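If you want the building blocks of each chain, they are given just below.
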Amino acid sequence: MTTTRAYSAASATSPLALDSIQRRDTTETDVQIEILYCGICHSDLHYARDEWHKVMPTIYPCVPGHEIVGRVTTVGAKVTKFKVGDNVGVGCMVDSDHTCQNCKDGQEQLCPNMTMTYGSPDKHLGGVTYGGYSESIVVDESFVLNLPANLDPAGVAPLLCAGITTYSPIRRWGDLNGKKVGVVGLGGLGHMGVKFAHAFGAHVVVFTTSPGKEEDALRLGADEVIVSTDADQMQGHAGTFDFILDTVSADHDINAFINMLGVGGNITLVGAPEKPLAVMAFALLAGRKSISGSLIGGIPETQEMLDFCGEHDITADVEVIPIQKINEAYERMLTSDVKYRFSIDMASLEAE
Ligand code: NAP
Ligand code: ZN
């Protein structure tokens, strides 16, 4: 085992602070990775503060972080995909049962025995898995991704969660060319949703509660921006959307967006607010609309997304911070003051 520096939360109310954790020795199929950058996902905050207690109670201490980019430092004897020195990525999952139908279909995120990067039972060491707010990690090679060489690693890290979480439902929807697509919330997920929907030829409309983000939204690929708190702006678009991706992390009126959908339209939730959302049945009935959800994406699709980003020169817009600013970053995320993803420069851990 290796002792590794990390940032952990000791309870739902404690700030993240320096800690030390154990990483296993590499098995035959493992890759050991020195972590260079780790994105900060709103899920990290939900989890560190035990906001998902009813579905997924947090076990403390917890080390969040599932947007990991790093360099391979050791490979097990049977590793075939990677060699020492490769730049690689790890997202929200580090293992699954490899045998169920979902795993066979490359939909490991739906495997009933999937191991999340943090907060799942650790099959090797006992306790729970620890995420990317740390110096290094050891992962089975089948859950390690190849990174496009042409992209900035700090901006690639968020692709491992925010990227795949928005790419997957947008791809699944079908041919978006010329379709009217809404993205609700311009944060980490939302800004990637805008980039992908734009890349797939949609007419992209951003719904934001932050009027100050309008210029950025247009620069990121939106064709129009609607301030969702302005009733007049909302009214003009009722019944006109084919598809809406809802990335909002907090309670909000989803019916206002269902009303934006045309006949047969769909709103897909990727945001995971702490409290249930109230859906007005009539908003769905009239117009035969549907609401659905989507969870990250499988490993093959994550690799496809990374390759697509390499070909189209797509990365997240990041503000790179040292790990010492993590608690401040969480507070800023809560006030929607993130443009549009924090990416931690993990070299800053060495200063501790
Ligand atoms: P984020 O960067 O904080 O962005 C969320 C955005 O939602 C904010 O920037 C803000 O955009 C909007 N928003 C926040 N509070 C709001 C409110 N009260 N009413 C209306 N809009 C509000 O968060 P993120 O990292 O993108 O994550 C978003 C959500 O997705 C989180 O709940 C996270 O846990 C979840 N998630 C799900 C998956 C999955 O697999 N399904 C994966 C990753 C994350 P504006 O300023 O533009 O309004
Ligand atoms: Zn995430």
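The structure we're discussing is the one just above.
Predicted, not measured: the structure shown is a model, and the values here were computed from it.

Chemist: Run through the packing of aromatic side chains, naming residues and quoting values.
Modeler: What the rule picks out here adds up to 9 aromatic pairs. Taking the centre distance of 5.3 Å and the plane angle of 75° together, the rings of Tyr167 and Phe196 count as edge-to-face. Residue Tyr167 is located in helix H4 (residues 162–173), and its partner Phe196 is located in helix H5 (residues 188–199); the two are separated by 29 residues in the primary sequence. Given a relative accessible area of 2%, Tyr167 falls into the buried group. Centre to centre, the rings of Trp173 and Phe243 are 5.8 Å apart; their planes meet at 40°, and the pair counts as tilted. In this pair, Trp173 sits in helix H4 while Phe243 sits in strand E13 (residues 241–246), placing the two residues 70 residues apart along the sequence. The rings of Tyr167, Phe196, Phe200 and Phe308 are connected pair by pair, giving a single aromatic cluster. The side chain of Lys180 reaches across the aromatic face of Phe241, ending 4.6 Å from its centre.

Chemist: Describe the environment of Ile267, and please don't skip the residues or the numbers.
Modeler: For Ile267, the location among the structural elements is in strand E14 (residues 261–269). In this structure, the C-alpha to C-alpha distance between Ile267 and Thr208, residues 59 residues apart in sequence, is 16 Å. Ignoring any residue separated from it by four or fewer positions in sequence, one finds Ile267 in contact with Ile244, Asp246, Ile254, Phe257, Ile258, Leu261, Ser290, Ile291 and Ser292.

Chemist: Which residues make up the layout of surface pockets, and what are the values?
Modeler: Approximately 360 Å³ is the volume found for the second largest pocket. Forming the boundary of the second largest pocket are 24 residues, of which Arg24, Asp122, His124, Thr129 and Val138 lie nearest the centre. Listing elements by their share of the lining of the second largest pocket, those giving two or more residues are strand E2 (17–23), strand E6 (93–95) and strand E8 (136–140). With 4 residues, E8 is the largest single contributor of residues to the lining of the second largest pocket.

Chemist: Please give an account of the site of ligand 1 that cites residues and values.
Modeler: Taken together, 31 residues are adjacent to ligand 1, and Thr208, Thr209, Ser210, Lys213 and Arg341 come closest. Taking Ala272, its main chain carries an N or O atom lying 2.9 Å from an oxygen atom of ligand 1. Contact distances for ligand 1 include 2.9 Å between a nitrogen atom and a backbone N or O atom of Ser294. Notes on ligand 1: free accessible area 920 Å², of which the protein chains cover 90%. Secondary-structure elements contributing two or more residues to the shell around ligand 1 are helix H1 (42–48) and H5. The dominant element in the shell around ligand 1, judged by the number of residues it contributes, is H1, at 3 residues. Here the shell around ligand 1 is built from residues that sort into 12 nonpolar, 16 polar and 3 charged.

Chemist: Give me the lowdown on the coordination of the zinc ion (ligand 2), citing residues and values where you can.
Modeler: Surrounding the zinc ion (ligand 2) are the protein donor atoms Cys41 (SG), His66 (NE2) and Cys161 (SG), at 2.0 to 2.2 Å. All donors of the zinc ion (ligand 2) come from a single chain, and their spacing in sequence reads C-x24-H-x94-C. Placement of Cys41 in the loop between strand E3 (30–40) and H1 and of His66 in the loop between H1 and strand E4 (68–75) is noted, with a sequence separation of 25 residues between them. The same class applies to Cys41 and to His66, which are both buried.

Chemist: Run through the packing of H4 against helix H10 (residues 299–312), naming residues and quoting values.
Modeler: At their nearest, the axes of H4 and H10 sit 10 Å apart, and the two run at 100° to each other. Between H4 and H10, the angle is such that the two are roughly perpendicular. Residue-level contacts link Gly163, Ile164, Tyr167, Ser168 and Arg171 of H4 to Glu301, Thr302, Glu304, Met305 and Phe308 of H10. A breakdown of the residues in the contact of H4 with H10 according to their chemical character gives 4 nonpolar, 3 polar and 3 charged.

Chemist: With reference to specific residues and values, describe the pattern of salt bridges.
Modeler: Taken as a whole, this structure holds 13 salt bridges when the rule is applied. We note a salt bridge from Arg49 to Glu331, for which the minimum N-O separation is 2.8 Å. Taken as a pair, Arg49 in the loop between H1 and E4 and Glu331 in helix H11 (residues 326–334) lie far apart in primary sequence, 282 residues in all. For Arg49, a relative accessible area of 27% gives the class partly exposed. Taking relative accessible area as the criterion, Glu331 reaches 41% and is therefore assigned partly exposed. Close ionic contact of Arg341 with Glu67 constitutes a salt bridge, the shortest N to O distance being 2.8 Å. Here the residue Arg341 occupies a position in strand E17 (residues 341–345), and Glu67 occupies one in the loop between H1 and E4, the gap between them amounting to 274 residues. The same class applies to Arg341 and to Glu67, which are both buried.

Chemist: Go over the pairing of E4 with me, naming the residues and quoting the values.
Modeler: Successive residues of a regular strand alternate their side chains across the two faces of the sheet. Where E3 and E4 come together, 7 bridges link them in antiparallel fashion. Along E4, the bridge assignment pairs Val31 with Val75. Strand direction decides the pairing type here: E4 and strand E5 (residues 87–90), joined by 4 bridges, are antiparallel. Note on E5: the bridge partner recorded for Val69 is Gly89.

Calculation rules
Residues numbered from 1 in each chain as written. Chains lettered and ligands numbered in written order. Predicted model: local features only at pLDDT ≥ 70, side-chain atom pairs only at ≥ 80, totals over all residues. Heavy atoms only, no water. Phe/Tyr/Trp six-rings, centres within 6.5 Å; stacked < 30°, edge-to-face > 60°. Helix = DSSP H or I, 4+ residues; strand = E, 2+ residues; numbered from the N terminus. Buried < 20%, exposed > 50% of the residue type's maximum accessible area, 1.4 Å probe, protein only. Lys NZ or Arg CZ within 6 Å of the ring centre and 35° of its normal. Contact = heavy atoms within 4.5 Å. 1 Å grid on protein atoms, 1.4 Å probe; cavity = no way out; pocket = protein on both sides within 12 Å on 5 of 7 lines; lining within 4 Å. Points joined across faces, edges and corners; volume = space filled by probe spheres on them. Near = heavy atom within 4 Å. Polar contact = N/O pair within 3.5 Å; in protein donor to acceptor, adjacent residues only side chain to side chain. Areas by Shrake-Rupley, 256 points an atom, 1.4 Å probe, with all protein chains shown as cover. Nonpolar A, V, L, I, M, F, W, Y, C, P; charged D, E, K, R; others polar. Donors = N, O, S within 2.8 Å, 3.2 Å for Na, K, Ca; no water. Axes fitted to C-alpha atoms, helices over the stretch in contact; angles between N-to-C directions. Parallel < 35°, antiparallel > 145°, perpendicular 65-115°, else oblique. Salt bridge = Lys/Arg side-chain N within 4 Å of Asp/Glu carboxyl O. Pairing = 2+ DSSP bridges.

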